[in-house]
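# Inside the fold
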Amino acid sequence: MNTDYKVGDLIYDADIYDGMNTFLSDLSFYKKWMPKNEDAKILELCCGTGRLTLPIAKEGYNICGVDYTSSMLEQAKARASEAGLEIDFIEADIRTLNLQEKFDLIFIPYNSIHHLYKNDDLFAALRSVRNHLKEGGLFLLDCFNPNIQYIVEGEKVQSVVAEYTTNDGREVLIKQTMCYENATQINRIEWHYYINGEFHSTQNLDMRLFFPQELDSYLEWAGFNIIHKFGSFKEEVFNDKSEKQIFVLVFNK
Ligand SMILES: C[S@@+](CC[C@H](N)C(=O)[O-])C[C@H]1O[C@@H](n2cnc3c(N)ncnc32)[C@H](O)[C@@H]1O
């Protein structure tokens, strides 16, 4: 079995990413859970190009963003400076993060934990969160709720997942195929990129799936108390039909 897990460069090419990810439907959820004290310190892990970091900083929060993809961080820094915002963007792997600082709230948004392929990767990231969280601080996390029907259908057909024009003028069409590995819980997704009408490349987007009961247990074993588990950003209670697993957690000393 091939245990080389990958995310292609084009997936996290900042302009290609930003052209596709213009939505902000998760922002009000994250804003709602921010601490009320003005001197609160916030840490966003896997911040990418700052899609959420910038609007949260605009609210007046002292927020720091961490990501290990330099092109995404470059874009985040450029966007922050254009908006006149002072944000600390740090290039680091969340599994080995050591900022020597504690935060009132930490969050890992937008399905980013699906890139933590092995249990040890997840456990290392959760250790980092614990080490950087103040006592009583909140930890927020969102990811997909694995949908077996979606995967079965997704393996049968190639479907268009996005069609848009980037800021730098490229017309992008993305078609998706997938193949789920039963043993590793990795969904081997491939995105086939067509740029300006011509096939450009196939990019891997491997995603580790976390089943609801296992994820609850991992978080609890790592010392977190689940205060809420929602199934949508409207804070509907997590249930059988939920597309998402959205956690509000507190570290239990
Ligand atoms: C789906 S994007 C989310 C970006 C941004 N938070 C947003 O909401 O648009 C996932 C991000 O996670 C980053 N990432 C994945 N694994 C990481 C790790 N181990 N350490 C740091 N960043 C990581 C990728 O570089 C990418 O920018």
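As the structure is a prediction and not an experimental result, all values here were calculated from the model. (Residues numbered from 1 in each chain as written. Predicted model: local features only at pLDDT ≥ 70, side-chain atom pairs only at ≥ 80, totals over all residues.)

### Focus on the overall build of the protein chain
Definition in use: Helix and strand assignments come from DSSP, with helices taken as H or I runs of at least 4 residues and strands as E runs of at least 2, each series counted from the N terminus. For the radius of gyration, the atom set is restricted to C-alpha positions; the globular benchmark scales as 2.2 Å times the number of residues to the power 0.38.
A tally of helices and strands in the protein chain yields 7 helices and 11 strands. Against the compact-globule benchmark of 18 Å for 253 residues, the protein chain has a radius of gyration of 18 Å, which places it among compact chains.

### Looking at the site of the ligand
For clarity, the threshold we go by: Here, nearness means that the C-beta atom of a residue, built from backbone geometry, sits within 6 Å of the molecule or strand in question. Each residue is assigned to one of three groups, with Ala, Val, Leu, Ile, Met, Phe, Trp, Tyr, Cys and Pro labelled nonpolar, Asp, Glu, Lys and Arg labelled charged, and all others, Gly among them, labelled polar.
Around the ligand, the surrounding shell holds 19 residues, and the nearest of these are C46, G48, R51, T69 and Y110. Considering only residue class, the shell around the ligand consists of 9 nonpolar, 6 polar and 4 charged.

### Points about the nonpolar core
Across soluble globular proteins, nonpolar side chains have a tendency to be buried as a group. What counts, and what does not: The nonpolar core criterion groups buried Ala, Val, Leu, Ile, Met, Phe, Trp, Tyr and Cys residues into a set whenever they are joined through C-beta atoms within 7 Å. Buried means a residue has 20 or more other C-beta atoms within 10 Å of its own C-beta, exposed means 12 or fewer, and partly exposed covers the counts in between; C-beta atoms are placed from the backbone. Throughout the structure description, domain borders are defined by an automatic or database domain assignment. Placing C-beta atoms from the backbone, we regard two residues as in contact once those atoms come within 7 Å.
Ranked by internal contacts, the top residues of the largest apolar core, which has 55 residues, are I106, F139, L140, L141 and L249. By residue number, the principal contributor to this core is strand β5 (residues 133-144), which donates 6 residues. When residues of this core are assigned to domains, at least three fall in each of domain 1 (14-145 + 211-251) and domain 2 (148-208). Setting aside residues no more than four positions away along its own chain, L141 makes contact with F107, I108, I113, F247 and L249.

### Observations concerning the sheet that holds strand β9 (residues 198-208)
The line we're drawing: In short, DSSP must find at least two bridges between two strands for them to pair. Here an axis means a line fitted to C-alpha atoms, over the contact stretch when the element is a helix, while the angle between two N-to-C directions is reported on a 0 to 180 degree scale.
Spatial ordering of the open sheet is given by β6-β7-β8-β9, a layout of 4 strands whose pairing is antiparallel. What marks the edges here is a single partner per strand, and that holds for β6 (159-165) and β9. Within this sheet the neighbouring strands show an average axis-to-axis angle of 25 degrees, counted without direction. By the bridge criterion, 10 bridges tie strand β7 (residues 171-181) to strand β8 (residues 186-195) in an arrangement that is antiparallel. Counted as the bridge partner of E181 is I186 from β8. Running at roughly 115 degrees to β7, helix α6 (residues 148-156) makes contact with β7 and β8 of the sheet.

### Overview of unusual backbone geometry
For C46, which is not a glycine, the phi torsion comes out positive at approximately 70 degrees. Of note, N196 is a non-glycine position whose phi angle comes to about 50 degrees, a positive value. By secondary structure assignment, the location of N196 is in the loop between β8 and β9.

### Details of the sheet that holds strand β1 (residues 41-45)
With mixed pairing, 7 strands are arranged side by side in an open sheet as β3-β2-β1-β4-β5-β11-β10. The two strands at the open ends of the sheet, each matched to only one other strand, are β3 (88-91) and β10 (224-230). Here the strands of the sheet are splayed against their neighbours by 20 degrees on average, with no regard to which way each runs. Both β5 and strand β11 (residues 244-251) contribute to a ladder of 7 bridges, which runs antiparallel. In the sheet register, F139 faces β11, and the bridge partner there is L249. Across the sheet, helix α4 (residues 70-82) lies against β2 (62-67) and β3, angled at about 170 degrees from β3, the strand it touches most. Its contacts with the sheet place helix α5 (residues 119-132) against β1, β4 (103-108), β5 and β11, and it is angled at close to 150 degrees to β5.

### A word on the pairing of β5
This is how the line gets drawn: Call a crossover right-handed when, viewed with both strands pointing away from you, the route from the first strand across the helix to the second goes clockwise.
Note that β4 and β5 share 5 bridges and pair parallel. Paired with I108 across the bridge in β5 is L141. In this fold, the crossover linking β4 to β5 by way of α5 has right-handed handedness.

### Some details on the domain arrangement of the protein chain
Split into domains, the protein chain comes out as domain 1 (14-145 + 211-251) and domain 2 (148-208). Just the C-alpha atoms count here: the centres of domain 1 and domain 2 sit 24 Å apart. Listed as interface residues are 8 residues of domain 1 and, on the opposing side, 11 residues of domain 2. Looking at the side of domain 1 that touches domain 2, its residues break down into 4 nonpolar, 2 polar and 2 charged.

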